[in-house]
Amino acid sequence: YQRRVHGDYLCLGVIMEGLKYKDFPSDLKYRILFHCMKHAKSHCIGVLLGAKTGEEINYVEAVPLFHNSILAPMMDTAFEFIEAYATEKKLIIAGIYECQQGLPNPPSAVARDIAALICENNKMPALCLSIFAKKEMELKYSFGVNGYEMISVESKEFQKINVQIVIDEKVCTSLTTNGMSNTIIDFDEHFENCSLDWRNPHFIAAQHLILNKKAIT
């Protein structure tokens, strides 16, 4: 695992030759990181949405799933919602992410089962981002990522790949100081209170506002 700092940017990835994924869009990476930070002592899991062109996937968005014990009926219902949302946006469920109590563990059994279904549905490898994250002080976070692709549905076997997530620390700090660090909603919270929106429009709006202000300045 490697951390490289370039100005305000923190590059996270594994030390391997040749990056397969050099970075991911803001609508994916900040949602993942703040979901994992909100429930840093839990097992967080979510899915990655992407646009498929031929044999290529362009990953564009992340949807937080759960941070508590995962029950099959809840998973089925969540996927029905997400598949409808993805279809409306002309996307597919193309991968997963998880954070296992902030530890750099390989994909869990749950992640393997979900990845196998994604593999089978899409007829191509499923990406899995294994996030390890912790809050070091009030406005300071430590993140890492390991990348995997499921290459066999039958054996649920993963191979490690080289990925990198580039984090703008000023954006993280701005989201935190604007009260956004604990606002990411996953399906655990949505099922407890249906008025809480798992699509996280409030977080997305705040994130885009911060990014737009940064671009102008």
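Residues numbered from 1 in each chain as written. Predicted model: local features only at pLDDT ≥ 70, side-chain atom pairs only at ≥ 80, totals over all residues. Heavy atoms only, no water.

Caption draft 1: Expanded view of the overall build of the chain. Scanning the chain for helices and strands turns up six helices and nine strands. Looking at the 217 residues of the chain, the share that counts as buried comes to 50%. About 10400 Å² of surface is accessible on the chain, with carbon and sulfur atoms providing 54% of the total. (Helix = DSSP H or I, 4+ residues; strand = E, 2+ residues; numbered from the N terminus. Buried < 20%, exposed > 50% of the residue type's maximum accessible area, 1.4 Å probe, protein only. Areas by Shrake-Rupley, 256 points an atom, 1.4 Å probe, with all protein chains shown as cover.)

Caption draft 2: View of the pattern of salt bridges. Applying the stated criterion across every chain yields a total of six salt bridges. Its salt-bridge partner being Lys38, residue Glu189 comes within 2.8 Å of it at the nearest N-O pair. Note that Glu189 is positioned in helix H5 (residues 187–192) and Lys38 in helix H1 (residues 26–38), a separation of 151 residues in sequence. Between Asp113 and Lys156 there is a salt bridge, and its shortest N-O distance comes to 2.4 Å. Here Asp113 is found in helix H3 (residues 109–122), whereas its partner Lys156 is found in the loop between strand S7 (140–152) and strand S8 (157–161), with 43 residues between them in sequence. When salt bridges that share partners are traced, they join Asp27, Arg31, Glu61 and Lys89 into one network. (Salt bridge = Lys/Arg side-chain N within 4 Å of Asp/Glu carboxyl O.)

Caption draft 3: Spatial organisation of the packing of aromatic side chains. Applying the stated rule across the entire model yields nine aromatic pairs. A ring pair is formed by Phe81 and Phe187, whose centres lie 6.2 Å apart and whose planes are at 35°; its orientation type is tilted. One end of the pair, Phe81, is in helix H2 (residues 72–88); the other, Phe187, is in helix H5, with 106 residues separating them in the sequence. Each residue in the set Phe66, Phe81, Tyr85, Phe187, Phe191 and Trp198 is aromatic and connected to the rest through ring pairs, giving one cluster. (Phe/Tyr/Trp six-rings, centres within 6.5 Å; stacked < 30°, edge-to-face > 60°.)

Caption draft 4: Local environment of H1. Taking 1.5 Å of rise per residue, the 13 residues of H1 would be expected to cover 18 Å, and the 18 Å separating its terminal C-alpha atoms lies within 8% of that figure. In terms of burial, H1 is a largely internal element, 10 of the 13 residues being buried. Where H1 is concerned, the buried positions are Leu28, Lys29, Tyr30, Arg31, Ile32, Leu33, Phe34, His35, Cys36 and Met37. (Expected span 1.5 Å × (residues − 1).)

Caption draft 5: Quick look at the pairing of strand S3 (residues 43–53). Here eight bridges tie S3 to strand S5 (residues 92–100), and the two strands are oriented antiparallel to one another. Bridging across to S5, Cys44 finds its partner in Cys99. Note that S3 and strand S4 (residues 56–66) share nine bridges and pair antiparallel. Counterpart to Lys52 in the pairing with S4 is Ile57. Between S3 and S4, which pair antiparallel and follow one another directly, the connecting turn spans two residues, one of which, Gly54, has a positive phi of 65°. (Pairing = 2+ DSSP bridges.)

Caption draft 6: Spatial organisation of the environment of Ile114. Checked against the element boundaries, Ile114 lands in helix H3. Distance from Ile114 to Lys156, taken between C-alpha atoms, is 9.9 Å for residues 42 residues apart in sequence. The residues contacting Ile114, other than those within four sequence positions of it, are Ile45, Met75, Phe79 and Ile96. (Contact = heavy atoms within 4.5 Å.)

Caption draft 7: Looking closely at the layout of surface pockets. Empty space within the largest pocket amounts to approximately 350 Å³. Every residue lining the largest pocket is counted, 17 residues in all, and those nearest its centre are Phe79, Glu83, Ile93, Leu117 and Asn121. For the lining of the largest pocket, the per-class residue count stands at 10 nonpolar, three polar and four charged. (1 Å grid on protein atoms, 1.4 Å probe; cavity = no way out; pocket = protein on both sides within 12 Å on 5 of 7 lines; lining within 4 Å. Points joined across faces, edges and corners; volume = space filled by probe spheres on them. Nonpolar A, V, L, I, M, F, W, Y, C, P; charged D, E, K, R; others polar.)

Caption draft 8: Spatial organisation of unusual backbone geometry. The backbone of Lys90 sits at a positive phi, close to 60°, despite the residue not being glycine. Tracing the sequence through the fold places Lys90 in the loop between H2 and S5. Even without a glycine there, the phi angle at Asn200 is positive, about 55°. Secondary-structure assignment places Asn200 in the loop between H5 and helix H6 (201–216).

Caption draft 9: Molecular detail of H2. Between its terminal C-alpha atoms H2 stretches 24 Å, which fits the 24 Å expected from 17 residues at 1.5 Å a residue. Of the residues making up H2, those classed as buried are Met75, Ala78, Phe79, Ile82, Tyr85 and Ala86. One side of H2 holds all its buried residues, which, seen down the axis, span an arc of 125°. Exposed side of H2, more than 90 degrees from the buried face: Pro73, Glu80, Thr87 and Glu88 are the residues found there. On its buried face, H2 sits against S3, S4, S5, H3 and H5. Within two residues after H2, Lys90 carries a phi angle of roughly 60°, on the positive side. (Arc of directions from axis to C-beta.)

None of this, on its own, says anything about what the molecule does.
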